[in-house]
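One-letter residues, chain by chain:
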Amino acid sequence: MTAKQTAKTSVAFTDEERSAMKEHAEELKREQRRGKRATKADGTADVLAKIAEMEGPDRVLAERIHEIVTANDLTPKTWYGMPAYARDGKVVCFFQSAQKFKARYATLGFNDSAALDDGDMWPTAFALTDITPAVEKRIAALVAQAAG
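Read on for an overview of the structure. (Residues numbered from 1 in each chain as written. Predicted model: local features only at pLDDT ≥ 70, side-chain atom pairs only at ≥ 80, totals over all residues. Heavy atoms only, no water.)

In space, the five strands of this open sheet follow the order E1-E2-E3-E4-E5, with antiparallel pairing throughout. The sheet is open, and its two edges are formed by strand E1 (75-79) and strand E5 (125-128), each paired on a single side. Neighbour-to-neighbour, the strand axes of this sheet turn through a mean angle of 25°, independent of strand direction. With five bridges joining them, E1 and strand E2 (residues 82-87) adopt antiparallel strand pairing. Across the sheet, residue Pro76 finds its bridge partner in E2, namely Tyr85. (Pairing = 2+ DSSP bridges. Helix = DSSP H or I, 4+ residues; strand = E, 2+ residues; numbered from the N terminus. Axes fitted to C-alpha atoms, helices over the stretch in contact; angles between N-to-C directions.)

Structural data, given as structure tokens:
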């Protein structure tokens, strides 16, 4: 098989995935430049700037998620160009707008450091189309568990 044939058969990243990886590289450089003088306000400003770039329902969802999550002791930061929230430097949860990856719905995701373990199988990502009082209550409970 020639190099040309291999390139045609290999799986490539989408434009959105490549963009997210570039954003993550920029985030790491920014964190390195800030070093030990980085503050929670830096991360908050970065997250609010990402939310401000969003349109329509994604922005509304992200703003409300930000309010719910920051009520807990998690530190805002960006992660692959998405609003994210960390504990001890590790991302616990993140908001992925539908617009970012041209998806049908936005997603609230949790990493393994969230420790949402519940038996042998449990969800780590939730599709979001609206935040009703019931959804808000569920998000608050999940974030409280993840932050704890």
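What follows covers the pattern of salt bridges. One side chain can pair with another of opposite charge once the charged atoms of both are near each other. Scanning all chains against the criterion turns up seven salt bridges. Between Glu53 and Lys50 there is a salt bridge whose closest N-O contact spans 3.5 Å. One end of the pair is Glu53 and the other is Lys50, both in helix H3 (residues 40-53) and three residues apart, which spans about a single turn. Here Lys50 falls in the buried class, since its relative accessible area comes to 18%. One network of salt bridges, in which partners are shared, links Glu23, Lys50, Glu53 and Lys100. (Salt bridge = Lys/Arg side-chain N within 4 Å of Asp/Glu carboxyl O. Buried < 20%, exposed > 50% of the residue type's maximum accessible area, 1.4 Å probe, protein only.)

Where helix H4 (residues 56-70) meets helix H5 (residues 133-147), the axes come as close as 9 Å, and the angle between the chain directions of the two elements is 45°. Taken together, the axes of H4 and H5 are oblique relative to one another. At the point where H4 passes H5, the crossing takes the right-handed sense. Facing Arg64, Ile65, Ile68 and Val69 of H4, the residues of H5 in contact are Glu136, Ile139, Ala140 and Val143. Among the residues making up the contact of H4 with H5, the classes are represented as six nonpolar, no polar and two charged. (Parallel < 35°, antiparallel > 145°, perpendicular 65-115°, else oblique. Left-handed = near helix turned anticlockwise from the far one by under 90°. Contact = heavy atoms within 4.5 Å. Nonpolar A, V, L, I, M, F, W, Y, C, P; charged D, E, K, R; others polar.)

Any empty space left between the atoms is revealed when a probe the size of a water molecule rolls over them. Its boundaries defined by the atoms lining it, the largest pocket holds a volume of some 260 Å³. Of all the secondary structure elements, the ones that give two or more residues to the lining of the largest pocket are helix H2 (15-34), H3 and E1. Considering only residue class, the lining of the largest pocket consists of three nonpolar, five polar and nine charged. Empty space within the second largest pocket amounts to approximately 160 Å³. What lines the second largest pocket is Glu23, Lys50, Glu53, Met54, Gly81, Met82, Pro83, Phe95, Gln96, Ser97, Gln99 and Lys100. Of all the secondary structure elements, the ones that give two or more residues to the lining of the second largest pocket are H3, E2 and strand E3 (90-96). Taken together, the residues that form the lining of the second largest pocket break down as four nonpolar, four polar and four charged. (1 Å grid on protein atoms, 1.4 Å probe; cavity = no way out; pocket = protein on both sides within 12 Å on 5 of 7 lines; lining within 4 Å. Points joined across faces, edges and corners; volume = space filled by probe spheres on them.)

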